Amino acid sequence: MAKIVWTMGISLDGYIEGPDHDISWHRVDDELHQHMNDTIGQLGGLLSGRRTYEGMASYWPTADADPDASAVTVEFAGIWRDIPKAVYSRTIEHAGWNTTVYRDVVPEEVRALKERAAADLWLGGAGIAKEFLRLGLVDAYRVYVHPALVGHGTRLFPEADIAASLRLAESRVFGNGVVLLHYEPETTGDQRRR
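Since we're looking at a predicted model, the values are computed, not measured.

1. Observations regarding the pattern of salt bridges
- For the structure on display, the rule yields 11 salt bridges.
- In this structure, Lys-114 engages Asp-139 in a salt bridge whose closest nitrogen and oxygen atoms are separated by 2.8 Å. On the criterion of sequence distance, the pair formed by Lys-114 in helix H4 (residues 107-116) and Asp-139 in the loop between helix H5 (126-134) and strand S7 (140-146) is long-range, its members being 25 residues apart.
- By relative accessible area, which is 11% here, Lys-114 ends up buried.
- Looking at Asp-139, the relative accessible area reads 22%, which means it is partly exposed.
- Among the ionic pairs, Glu-184 bridges to Arg-167, the shortest N-O distance being 3.1 Å. Highlighted residues: Glu-184 in strand S11 (residues 179-185) and Arg-167 in strand S10 (residues 166-173), separated in sequence by 17 residues.
- Take Glu-184: its relative accessible area is 12%, and that puts it in the buried class.
- Among the charged side chains, a salt-bridge network with shared partners connects Lys-3, Arg-167 and Glu-184.

2. Comments concerning the nonpolar core
- Core analysis: the biggest nonpolar cluster contains 27 residues, and Trp-6, Leu-47, Tyr-88, Leu-123 and Phe-132 have the highest contact counts within it.
- Elements with a minimum of two residues in this core: strand S1 (4-11), strand S4 (85-88), H4, strand S6 (121-124), H5 and S7.
- The element that contributes the greatest number of residues to this core is H5, accounting for five residues.
- Setting aside its immediate chain neighbours within four residues, Leu-123 contacts Ile-4, Val-5, Trp-6, Thr-7, Leu-47, Ile-128, Ala-129, Phe-132 and Val-138.

3. Some thoughts on the sheet that holds S4
- Pairing within the open sheet is mixed, and its eight strands lie in the order S5-S4-S3-S6-S1-S7-S11-S10. Looking at which strands have only one partner, the edges of the open sheet turn out to be strand S5 (99-102) and S10. Neighbour-to-neighbour, the strand axes of the sheet open up by a mean angle of 20°, direction not taken into account.
- Across four bridges, strand S3 (residues 45-49) lies against S4 in parallel orientation. Paired with Leu-47 across the bridge in S4 is Ala-86.
- Here helix H1 (residues 30-40) sits on the sheet in contact with S3, S6, S7, S10 and S11, set at roughly 170° to S7.
- The sheet contacts of helix H2 (residues 50-57) involve S3, S4, S5 and S6, and relative to S3 the element is tilted by about 115°.

4. Thoughts on the pairing of S10
- One ladder, built from seven bridges, connects S10 with S11; its direction is antiparallel. Counterpart to Leu-168 in the pairing with S11 is Tyr-183.
- Counted between consecutive antiparallel strands, the loop separating S10 from S11 contains five residues, among which Gly-177 sits at a positive phi close to 95°.

Cut-offs applied
- Residues numbered from 1 in each chain as written.
- Predicted model: local features only at pLDDT ≥ 70, side-chain atom pairs only at ≥ 80, totals over all residues.
- Heavy atoms only, no water.
- Salt bridge = Lys/Arg side-chain N within 4 Å of Asp/Glu carboxyl O.
- Helix = DSSP H or I, 4+ residues; strand = E, 2+ residues; numbered from the N terminus.
- Buried < 20%, exposed > 50% of the residue type's maximum accessible area, 1.4 Å probe, protein only.
- Core = buried A, V, L, I, M, F, W, Y, C linked by side-chain atoms within 4.5 Å.
- Contact = heavy atoms within 4.5 Å.
- Pairing = 2+ DSSP bridges.
- Axes fitted to C-alpha atoms, helices over the stretch in contact; angles between N-to-C directions.

This is the structure we're talking about:
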């Protein structure tokens with residue numbers, strides 16, 4: 001069965017975005033972008049909340065039409081359009097580009113998604129991840145630590161009544177200073193409520 005992997009870029013001080021949703025401090029160069037293309041291209045789908053989905057949908061459907069777009073940008077535009085996506089939103093009525101809209105995070109529906117998926121599913125967005133965490137639906141964590149201090153904004157992990165013992169499954173240092181930390185539970189079912 002596919003895993004749900006919460007994937008986020010964060011600052012060294014633990015923020016996924018600064019004030020006013022600022023992510024200008026993210027260091028995405030061709031090496032990191034190609035890594036993302038290679039990784040996301042192997043996934044079974046993307047799960048996100050409304051804000052993350054709308055941010056992606058405002059750029060990626062036509063990013064490859066820009067004559068100045070880099071090769072990695074052109075490649076990712078096609079990957080993003082084609083990959084199955086689920087957006088959790090109570091306000092979006094319908095979405096294009098191979099996207100299904102869900103109103104609420106229902107554990108049985110999420111488990112059915114995992115069973116149908118050809119490969120792991122990436123979860124993106126702090127708000128929706130909080131609900132997945134609360135329901136015990138996150139199977140692994142991929143954190144891309146950017147060499148920046150933000151000071152204020154949205155924290156990666158909200159306060160929650162959950163504890164888990166994790167093991168490092170993968171790490172990688174990119175040339176731009178970004179560090180990937182991929183963690184998985186030490187044992188199945190190790191995630192627990194407090």
